[in-house]
Amino acid sequence: MSSAAARRMRKDESFLGRLGGTLARRKKAREVTDLQEEGKNAINSPLSPALTDIHPEDTLLEENEERRMIDPVSKEDPKFKELVKVLIDWINEVLAEERIIVKQLDEDLFDGQVLQKLLEKLGHCKLNVAEVTQSEVGQRQKLQTVLEAVQELLRPHGRPLPWTVDLIHGKNLVSILQLLLSLATHFRAPIRLPEHVSVQVVVVRKREGLLHSSHITEELTTSTEMMAGRFERDAFDTLFDHAPDKLNLVKKSLITFVNKHLNKLNLEVTELETQFADGVYLVLLMGLLDGYFVPLHLFHLTPESFQQKTHNVSLAFELMLEGGLAKPKARPEDVVSLDLKSTLRVLYSLFTKYKNME
């Protein structure tokens, strides 16, 4: 090989080496840039890979808007599924005469129609709302009326309720469940709720054009006793759970006791939970036991609404307190809602004080 050819080969090798080095540096620079971009995307990523099951519509938010949804993993929890099923079955049983069948809580309750019927049936009342409305404005107006009636019923005493028109109409399942649980608790629904149910909720917010997500835990139920508003078990809990035969003896004793006094007015009781539910017999019984006449204008002799019945039972409770009895553990609404255990508690307190009365 001539010296000229050798010089050309070394020159070519030098050129290729420089070219290779340049390409390598550019490749490395691109890799660094790509890695930085991946890191940036990871930091600003709206949702983690574990949340890919969330519907795309749930990430279409306006600036500073927030959306909450139950983590898909929580939805598969057996306790959560049981809670949803129990509530659906309860609603369908209550509304059986209305020929209403609920299959999905969020899809069937968001417009206020079913909630209206449920509240009217449970509260024995009639809400002043349009029966059927298809427009979103009409749905929201109906829902507003229903939720105002619920707030009046529950009387949270200044505490904010965990649901709003926007949340319910937006098909927020956690809010819908919280609303139903409050109604079931208030009306002493004859259902057994799974204990200690909680869900992970994904909170998605949009700030400065970017989506940010976080997790919070929402408690849906605690223990059955706390859901029922009681923290201490008593003898009647034990009778109902473990000694139904003795429970029947207690009922017979109480029926004998109340009839001994109500017979003076030619009245007779055979069913404790139903015949004391409107409060009339309870008011009359208090007058007979303490020896006074209760003026008829103080109570409803033929009550028709839930509110009138509740008024009667509340009056009887006031008379009990004036007569020196302890405050009843039950609420007036419990007795009106045909809760046998609550009715027995009230009557037994009377029996204990007046059983030796001639």
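**Student:** Can you help me understand the overall build of the protein in this one?
**Tutor:** For the protein, the count of helices and strands is 16 helices and three strands. Out of the 358 residues in the protein, the part that is buried amounts to 41%. Residue pairs at least 24 apart in sequence account for 60% of intrachain contacts in the protein once pairs closer than 6 positions are excluded. In the form shown here, the protein has an accessible surface area of approximately 21200 Å², with 53% of it arising from carbon and sulfur atoms.

**Student:** Whenever I open this one, the packing of helix 11 (residues 244–262) against helix 13 (residues 280–290) confuses me. Can you help?
**Tutor:** Two measures define how a pair of helices packs: the angle their axes make with one another and the distance between the axes. Two elements in contact, helix 11 and helix 13, have axes whose closest approach is 9 Å; the angle formed by their N-to-C orientations is 70°. By the angle between their directions, the pair helix 11 and helix 13 is classed as roughly perpendicular. Between helix 11 and helix 13, the residues in contact are Phe 257, Val 258, His 261 and Leu 262 and Tyr 281, Leu 285, Leu 288 and Leu 289, respectively. Residue composition of the contact of helix 11 with helix 13, by class: seven nonpolar, one polar and no charged.

**Student:** Got a minute to help me understand the packing of aromatic side chains in this structure?
**Tutor:** How two aromatic rings sit relative to each other is set out by the distance from centre to centre and by the angle between their planes. What the rule picks out here adds up to four aromatic pairs. Taking the centre distance of 5.8 Å and the plane angle of 65° together, the rings of Phe 187 and Phe 306 count as edge-to-face. Within this pair, whereas Phe 187 is found in the loop between helix 8 (173–186) and strand 2 (198–207), its partner Phe 306 is found in helix 14 (residues 306–322), the two being separated by 119 residues in sequence. Residue Phe 187 shares its accessibility class with Phe 306, and that shared class is buried. The structure contains a cluster of three or more aromatic residues connected by ring pairs, namely Phe 257, Tyr 348 and Phe 351. Positioned over the ring face of Phe 110 is Lys 171, at 4.7 Å from the centre of the ring.

**Student:** Before we go on, may I ask you to explain the pairing of strand 2 in this structure?
**Tutor:** Looking along a regular strand, one sees side chains alternate from face to face of the sheet. Pairing analysis gives five bridges linking strand 1 (residues 66–70) to strand 2, with the strands arranged antiparallel. From the neighbouring strand, Arg 67 faces strand 2, where its bridge partner is Val 204. Taken together, the 10 bridges between strand 2 and strand 3 (residues 210–219) define a ladder with antiparallel strand orientation. Bridge pairing in strand 3 places Gln 200 opposite Thr 217. As consecutive antiparallel partners, strand 2 and strand 3 are separated by two residues, and within that stretch Glu 208 has a phi angle of approximately 55°, a positive value.

**Student:** Would you mind showing me how to read helix 8 here?
**Tutor:** Since the α-helix turns once every 3.6 residues, residues separated by three or four places project in the same direction. Over its 14 residues, helix 8 extends 20 Å from the first C-alpha to the last, a length consistent with the 20 Å expected when each residue adds 1.5 Å. Burial analysis of helix 8 places 12 of its 14 residues in the buried class, which makes it a mostly covered element. Listed as buried for helix 8 are Leu 173, Val 174, Ser 175, Ile 176, Leu 177, Gln 178, Leu 179, Leu 180, Leu 181, Leu 183, Ala 184 and His 186. The opening residue of helix 8 is Asn 172, an N-cap whose side-chain oxygen sits 3.3 Å from the backbone nitrogen of Val 174. With its phi angle positive at about 50°, Arg 188 sits one or two positions after the end of helix 8.

**Student:** Would you mind showing me how to read the confidence of the model for the protein here?
**Tutor:** Interpreting fine coordinate detail is not advised for predicted regions of low pLDDT. Per-chain confidence: the protein averages 79 in pLDDT, with 76% of residues scoring 70 or above. When mean pLDDT is taken per element in the protein, helix 13 scores highest with 94 and helix 9 (residues 224–227) scores lowest with 41. Across residues 38–54 the pLDDT falls below 50, and counting only partners more than four positions away or on other chains, this stretch makes 16 contacts in the model. Note that residues 223–232 has pLDDT below 50 and, in this model, 19 contacts with residues that lie over four places away or in other chains.

**Student:** What should I look at first to understand the pattern of salt bridges in this one?
**Tutor:** Think of it this way: side chains of opposite charge can pair up when their charged atoms draw near. Applying the stated criterion across every chain yields a total of six salt bridges. A salt bridge links Glu 97 to Lys 121, with the shortest nitrogen-to-oxygen separation between them at 2.9 Å. Here Glu 97, found in the loop between helix 3 (78–94) and helix 4 (105–109), pairs with Lys 121, found in helix 5 (residues 113–123); they are 24 residues apart in sequence, far enough to count as distant. One salt-bridge network, in which partners are shared between bridges, spans Glu 136, Arg 140 and Asp 166.

**Student:** So what exactly am I meant to see when it comes to the environment of Gly 123 here?
**Tutor:** Its place among the elements puts Gly 123 in helix 5. Counting along the chain gives 214 residues from Gly 123 to Ser 337, while the straight-line C-alpha distance between them is 8.9 Å. Apart from residues lying up to four places away in sequence, Gly 123 is in contact with Phe 187, Phe 306 and Gln 307.

**Student:** Is there a simple way to explain the sheet that holds strand 2 in this structure?
**Tutor:** To summarise the sheet geometry, strands pair through backbone hydrogen bonds and adopt either a parallel or an antiparallel arrangement. Spatially, the three strands line up as an open sheet ordered 1-2-3, and their pairing is antiparallel. Single-partner strands in this sheet number two, and they are strand 1 and strand 3. Looking at each pair of strands side by side, their axes are set apart by 25° on average, direction ignored.

**Student:** Sorry, what's going on with the side chain of Ser 175 here?
**Tutor:** Inspection of the secondary structure puts Ser 175 in helix 8. Residue Ser 175 is classed as buried on the basis of its relative accessible area, which comes to 4%. Here Pro 162 takes part through its backbone oxygen, which lies 3.5 Å from a polar atom of the side chain of Ser 175. Discounting residues that sit within four places of it in the chain, Ser 175 has contacts with Pro 162, Trp 163, Leu 167 and Ile 168.

**Student:** Even after reading the chapter, I still don't get a nonpolar patch on the surface, so can you show me in this structure?
**Tutor:** On the surface, a nonpolar cluster with roughly 340 Å² of combined accessible area is contributed by Phe 293, Leu 296 and Leu 301. Examined against the element boundaries, Phe 293 turns out to sit in the loop between helix 13 and helix 14. Accessibility expressed as a relative area gives 64% for Phe 293, which makes it exposed.

The rules we used
Residues numbered from 1 in each chain as written. Predicted model: local features only at pLDDT ≥ 70, side-chain atom pairs only at ≥ 80, totals over all residues. Heavy atoms only, no water. Helix = DSSP H or I, 4+ residues; strand = E, 2+ residues; numbered from the N terminus. Buried < 20%, exposed > 50% of the residue type's maximum accessible area, 1.4 Å probe, protein only. Contact = heavy atoms within 4.5 Å. Areas by Shrake-Rupley, 256 points an atom, 1.4 Å probe, with all protein chains shown as cover. Axes fitted to C-alpha atoms, helices over the stretch in contact; angles between N-to-C directions. Parallel < 35°, antiparallel > 145°, perpendicular 65-115°, else oblique. Nonpolar A, V, L, I, M, F, W, Y, C, P; charged D, E, K, R; others polar. Phe/Tyr/Trp six-rings, centres within 6.5 Å; stacked < 30°, edge-to-face > 60°. Lys NZ or Arg CZ within 6 Å of the ring centre and 35° of its normal. Pairing = 2+ DSSP bridges. Expected span 1.5 Å × (residues − 1). Polar contact = N/O pair within 3.5 Å; in protein donor to acceptor, adjacent residues only side chain to side chain. pLDDT = per-residue confidence, 0-100. Salt bridge = Lys/Arg side-chain N within 4 Å of Asp/Glu carboxyl O. Patch = residues over 30% accessible without salt bridge, like charges linked within 9 Å, V, L, I, M, F, W, Y side chains within 5 Å.

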